[in-house]
Amino acid sequence: MTSGNGQTKNMNMVEALNLALHQGMEADERVLVMGEDVARTGGVFRVTAGLLDKFGEARVVDTPLAESGIIGTAIGMSVYGLLPVPEIQFDAFTYPAFEQIVVHAARYAWRTGGDVPASVVIRIPYGGGVRMPELHSDSPEAFFVHTPGLKVVCPSTPLDARNMLLAAIADPDPVIFMEPKKIYRAGRAEIPEEPPFALGNGSDDERINETLARARIARQGSDLVIFAYGAMVPASIAAAERIESDRDISVEVVDLRSLYPLDVDAIVNAASECRRALVVHEAPRTAGLGAEVSSLIHERAMLDLDAPVERVTGFDVPFPQFANENDYLPSVSRIVAGAVKVLDF
């Protein structure tokens, strides 16, 4: 564990994730990193840069271009006591490994009565906004949220990226760690060098669980609440500022952070207090996470609402080529339009 000195570092999300991997590997020699180009190249987004030099090729492993092999090998390693953190280079590359994730990683704890969970953290850069070719910009989180046995998380700030990745490594359950590539380098924040909890000794389980399972109020408000995650959090904050400049109202933004399990209390409380709610995500609309959030609110807080919950999402089409990317992704203007619909109901 990094010694406490009260110092901070100014980092973007890529650097914060890199710090988490360094700290996790320093704290526990069972932690290893594996994936396509993660060692010598440092990963396609350079999240794993410098790990090979510090920890060696036994713990930082370049793999063949075979995602089912990467995840299958990681599951086998975990069953025998290691703590692998495999990287899937791009979101849609998870599909060849889907069977390994939902049939094996998600079910080992259930099969063994909790004795042998698949303690794997699967890092997935996901989503659009960086002008990539086909099969590089999907948002597959709903597949994994629908799979019992998996935890699914998505940070939207550098600080959460560092803290949540460390918590995912420490958690015994398999974790799908969604990284919004659009905001990998979009902003910087002060990151305390000291980890947020004790690493490597299992003494801080409650704080680890809270780090992985709690929503965050990204912006305070009282008249409308926008629920979002990943790259849609800063877009929702910008929309909230625009709405407030046009109307005499107050808009809250809640960063879900944990996609499964959802922080049900935070969602219901925010919707009840603000009385109007909007959900934003860039994944396709049908059966997306927004539908679950909307259903939770209507089931548990409908009598507190002044309007039905609205959703602003991607469209029910394959993610388009980069020339049409801006037409697909929820923009600030589209979020504002969704908010206006709720406010004018």
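A brief look at the structure comes next. Starting from 1, residues in each chain are numbered consecutively following that chain's sequence as written. Only residues with pLDDT of at least 70 are given local features in this predicted model, and only at 80 or more are side-chain atom pairs given and counted; all residues enter the totals for whole chains, interfaces and linings. As a rule here, side-chain values come from all non-hydrogen atoms in the structure, and water together with hydrogens is ignored.

## A closer look at the sheet that holds strand β14 (residues 310–314)
Spatially, the five strands line up as an open sheet ordered β9-β11-β10-β13-β14, and their pairing is mixed. Pairing within the sheet leaves two strands with one partner each, and these edge strands are β9 (216–219) and β14. The sheet shows a mean angle of 25° between the axes of neighbouring strands, taken without regard to direction. Sheet topology note: the strand β13 (residues 277–284)/β14 ladder contains four bridges and is parallel. Strands are labelled as partners when DSSP assigns at least two bridges between them. Counting from the N terminus, the helices are the DSSP runs of H or I reaching at least four residues and the strands are the DSSP runs of E reaching at least two. Structural elements are reduced to axes, namely lines fitted to C-alpha atoms, with helices fitted over the stretch in contact, and the angle between N-to-C directions of any two is expressed from 0 to 180 degrees.

## Some details on the packing of aromatic side chains
Under the pairing criterion, centres of Phe, Tyr and Trp rings, with the six-membered ring standing for Trp, must be within 6.5 Å; the plane angle then separates stacked pairs below 30 degrees from edge-to-face pairs above 60, leaving the rest tilted. Within this structure, the stated rule accounts for eight aromatic pairs. Between Phe-45 and Phe-90, the ring centres sit 5.5 Å apart and the planes meet at 70°, which makes this aromatic pair edge-to-face. With Phe-45 in the loop between β2 (31–35) and α2 (51–55) and Phe-90 in the loop between β4 (83–87) and α4 (98–105), this pair connects stretches of sequence that are 45 residues apart. Considered together, Phe-45 and Phe-90 belong to a single accessibility category, that of buried residues. Relative to Tyr-184, the ring of Phe-45 has its centre 5.0 Å away and its plane inclined at 55°; by these criteria the two rings are tilted. Here Phe-45 is found in the loop between β2 and α2, whereas its partner Tyr-184 is found in the loop between β7 (175–180) and β8 (189–192), with 139 residues between them in sequence. We classify Phe-45 as buried; its relative accessible area is 14%. Grouping aromatic residues by their ring pairs yields a cluster made of Phe-45, Phe-90, Phe-93 and Tyr-184. Comment: the charge-over-ring label is applied if NZ (Lys) or CZ (Arg) is within 6 Å of the ring centre and within 35 degrees of the ring normal. Over the aromatic face of Tyr-108 sits the side chain of Arg-111, whose NZ or CZ is 5.3 Å from the ring centroid. For each residue, the accessible area found with a 1.4 Å probe, counting protein chains only, is set against the maximum for its type, and the residue is called buried under 20%, exposed over 50%, and partly exposed in between.

## Here's the deal with the environment of Ala-168
Considering the arrangement of structural elements, one finds Ala-168 in helix α7 (residues 158–170). Relative accessible area serves as the criterion here: at 1%, Ala-168 is assigned to the buried category. When the C-alpha atoms of Ala-168 and Ser-119 are compared, they prove to be 9.1 Å apart, with 49 residues separating the residues in sequence. Only heavy atoms matter for contacts: two residues are in contact if any of them lie within 4.5 Å across the pair. Residue contacts for Ala-168: discarding those within four places in its chain leaves Val-121, Val-175, Phe-177 and Leu-212.

## What about the packing of helix α10 (residues 264–274) against helix α11 (residues 289–301)?
Remark: α10 packs on α11, axes separated minimally by 10 Å, with the N-to-C direction vectors making an angle of 65°. In terms of their interaxial angle, α10 and α11 are classed as roughly perpendicular. Considering how the two elements wind past one another, α10 and α11 form a crossing that is right-handed. From α10, Val-264, Ile-267, Val-268, Ala-271 and Ser-272 reach across to α11, where they touch Val-293, Leu-296, Ile-297, Arg-300 and Ala-301. Considering only residue class, the contact of α10 with α11 consists of eight nonpolar, one polar and one charged. Comment on the angle field: the value is read as roughly parallel under 35 degrees, roughly antiparallel over 145, roughly perpendicular from 65 to 115, and oblique elsewhere. Handedness of a crossing is defined here by the sense of rotation of the near helix relative to the far one, left-handed for an anticlockwise turn of less than a right angle and right-handed for a clockwise turn. When residues are grouped by polarity, Ala, Val, Leu, Ile, Met, Phe, Trp, Tyr, Cys and Pro land in nonpolar, Asp, Glu, Lys and Arg in charged, and all others, Gly among them, in polar.

## Some points on the nonpolar core
Membership of the largest hydrophobic core comes to 103 residues, with the highest contact counts inside it found for Ile-101, Ile-176, Phe-227, Leu-256 and Ile-297. At seven residues, the largest contribution of residues to this core is made by α7. Apart from the residues within four sequence positions on either side, Ile-101 is in contact with Ile-71, Ala-106, Ile-122, Phe-144, Leu-150 and Ile-176. We call a set of buried Ala, Val, Leu, Ile, Met, Phe, Trp, Tyr and Cys residues a nonpolar core when their side-chain atoms join them within 4.5 Å.

## Some thoughts on a nonpolar patch on the surface
Among the surface-exposed residues, Tyr-95, Leu-135 and Phe-143 lie close enough to one another that they form a single nonpolar patch of about 280 Å² accessible area. Within the fold, Phe-143 resides in helix α6 (residues 141–145). A patch consists of residues exposed above 30% relative accessible area that lack any salt bridge, with like charges linked at up to 9 Å and nonpolar side chains (Val, Leu, Ile, Met, Phe, Trp, Tyr) linked at up to 5 Å. We get accessible surface area from the Shrake-Rupley algorithm with a probe of 1.4 Å; when it comes to residues, only the shown protein chains can shield them. Every case where a carboxyl oxygen of Asp or Glu lies within 4 Å of a side-chain nitrogen of Lys or Arg is listed as a salt bridge.

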